[in-house]
There are 2 protein chains.
Amino acid sequence: MHRTRVRVVEDALDANNTIARANRADFDRAGVRVVNLMSAPGAGKTSLLEGVLADLPGVRAGVLEGDVQGSLDAERLARMHVPVTQLNTDPGFGGECHLDANMVRSALAEIDLQELDLLVIENVGNLVCPAEFHVGEDARVMVSAVTEGEDKPLKYPLMFRTAGLVLVNKIDLLPHLEFDMDLFLEYLERVHPGVERMQMSARTGEGVDAFRDWLIRLSARAGDGAREQVAM
Amino acid sequence: MHRTRVRVVEDALDANNTIARANRADFDRAGVRVVNLMSAPGAGKTSLLEGVLADLPGVRAGVLEGDVQGSLDAERLARMHVPVTQLNTDPGFGGECHLDANMVRSALAEIDLQELDLLVIENVGNLVCPAEFHVGEDARVMVSAVTEGEDKPLKYPLMFRTAGLVLVNKIDLLPHLEFDMDLFLEYLERVHPGVERMQMSARTGEGVDAFRDWLIRLSARAGDGAREQVAM
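Values in this document were obtained by computation on a predicted structure and should not be read as measured data.

Asks: Honestly, empty space enclosed by the protein in this entry has me stumped. Any pointers?
Replies: A water-sized probe rolled over the atoms picks out the places where empty space is left. With the rule as written, the count across this model stands at 2 cavities of 30 Å³ or more. Its volume calculated, the largest cavity comes out at about 40 Å³. Along the lines of polarity and charge, the residues of the lining of the largest cavity split into 4 nonpolar, 4 polar and 4 charged. Empty space within the second largest cavity amounts to approximately 30 Å³. Along the walls of the second largest cavity sit K45, E65, G66, D67, D73, E122, N123, V124 and G125 of chain A together with K155 and Y156 of chain B, which together make up its complete lining. Ranked by residues supplied to the lining of the second largest cavity, first place goes to strand 2 (residues 61-67) of chain A with 3 residues.

Below is the structure:
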């Protein structure tokens with residue numbers, strides 16, 4: 001009796017991961033690689049996608065766009081002639097501050113996974129809650145803009161710790177800021193030792209090729225059986 | 001019977017506002033004005049406070065500093081010789097993404113309200129959830145950095161709609177950005193017509209005096225009985 005009650009509690013806490021695994025099974029069956037792209041508001045997620053999605057040779061890419069309200073980013077990306085699905089969180093309490101596995105699952109009915117090799121899920125701009133919810137992704141990529149200051153890894157450690165790739169964006173503005181890149185990288189190393197990181201500017205295009213190549217390599221691995229899994 | 005059950009549900013939904021009113025009553029008794037300061041991560045809340053708190057003639061100011069983890073900002077502000085209390089949200093689920101009335105109440109035991117005219121509550125950097133929780137404040141002030149782009153009022157409307165003052169920060173970087181101020185102000189007007197706004201740079205100090213004067217005026221009103229209340 002006692003054991004049964006404990007099991008119920010564990011199942012309840014795990015509901016998001018249960019649905020994330022179901023999403024993952026659907027992505028695997030369709031051979032689609034999935035990136036969960038996260039950042040603070042205005043760090044440049046959409047601009048980076050504009051920079052890479054137009055030119056991904058051999059990769060059929062799609063985007064699931066998460067926002068509290070509106071479809072401004074989805075409209076920007078649709079101009080790149082990639083399929084974009086908008087998911088708004090505002091029916092929730094004041095507008096949910098993240099995507100969870102169930103929201104992503106509800107959007108899958110609108111996405112033809114057979115037509116894709118890569119699905120980028122652009123999460124709600126927020127450095128806290130999105131990191132707490134797996135959605136069935138292969139990789140977590142986060143964008144940290146140099147305009148936000150060096151201290152962000154220490155202040156939002158879960159986000160930096162669970163990212164598999166950190167994109168340090170807006171480096172074109174470095175000459176106009178007091179941003180100390182060495183200090184940022186030291187803080188990053190403290191919360192997530194050895195995490196892969198790339199410096200770039202979505203605006204000038206500098207460094208963006210490295211992210212494009214990373215996406216192409218991720219997509220190419222879809223059928224090779226050597227899949228790295230995000231721990232759930 | 002039916003009415004009783006409905007009343008219980010309303011009380012439960014209102015728990016945060018109930019505690020916010022209790023906080024407010026304590027602030028009123030002590031004659032302290034309270035600002036709830038909110039923004040995205042890295043918009044410059046702490047830098048703006050560094051710019052104004054050192055020189056607020058006739059106003060005894062204190063800060064309640066909210067962060068997921070760490071006390072970097074509190075240490076910066078303590079150097080200004082103002083009393084600073086740190087409130088960390090990380091015991092919550094993965095780190096709560098906002099302050100609520102109960103968290104603020106739990107910190108009040110550490111703050112001597114009799115020694116203050118003004119308490120600034122620096123919220124967790126997040127454009128979504130902090131706007132959903134009253135904490136007993138007199139005024140909500142939000143910071144929006146021009147580096148975040150023009151579209152933020154449309155993407156995070158609740159935050160901009162519930163702010164009584166919008167500080168448009170980092171204007172020293174305008175020559176290096178494609179930020180369209182007219183478009184930003186048009187979007188702001190669309191979600192919150194007529195809201196008071198100020199343009200400034202915490203880094204150069206340009207425009208910061210207007211915010212300092214605003215804080216002095218707010219604090220001076222503490223005893224005049226003509227108090228404007230944030231709707232709860």
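Asks: Mind showing me how you'd approach the pattern of salt bridges here?
Replies: When their charged atoms lie close together, side chains carrying opposite charge are able to pair. By the definition in use, this model includes 34 salt bridges over all chains. For E137 of chain B, the salt bridge is made with R140 of chain B, and the minimal N-O distance between the two is 2.7 Å. Comparing E137 of chain B with R140 of chain B shows no difference in burial state: the two are buried. One continuous salt-bridge network, built from bridges that share partners, spans E50, D67, D73 and R76 of chain A together with K155 of chain B.

Asks: Would you mind showing me how to read the relation of the copies chain A and chain B here?
Replies: Each of the two copies of the chain can be brought onto the other by a rotation about an axis and a shift along it. For the pair chain A and chain B, the best superposition has an RMSD of 0.0 Å and corresponds to a rotation of 180° with a translation of 0.0 Å parallel to the axis. As the rotation angle and translation indicate, the two copies are arranged about a two-fold axis. Taking the C-alpha atom as reference, chain A places N126 of chain A closest to the rotation axis, 3.0 Å from it. Mapped onto chain B, 100% of the interface residues of chain A again fall at the interface, so both copies present the same surface.

What counts, and at which threshold
Residues numbered from 1 in each chain as written. Chains lettered and ligands numbered in written order. Predicted model: local features only at pLDDT ≥ 70, side-chain atom pairs only at ≥ 80, totals over all residues. Heavy atoms only, no water. 1 Å grid on protein atoms, 1.4 Å probe; cavity = no way out; pocket = protein on both sides within 12 Å on 5 of 7 lines; lining within 4 Å. Points joined across faces, edges and corners; volume = space filled by probe spheres on them. Nonpolar A, V, L, I, M, F, W, Y, C, P; charged D, E, K, R; others polar. Helix = DSSP H or I, 4+ residues; strand = E, 2+ residues; numbered from the N terminus. Salt bridge = Lys/Arg side-chain N within 4 Å of Asp/Glu carboxyl O. Buried < 20%, exposed > 50% of the residue type's maximum accessible area, 1.4 Å probe, protein only. Least-squares fit on C-alpha atoms with pLDDT ≥ 70 in both. Contact = heavy atoms within 4.5 Å.

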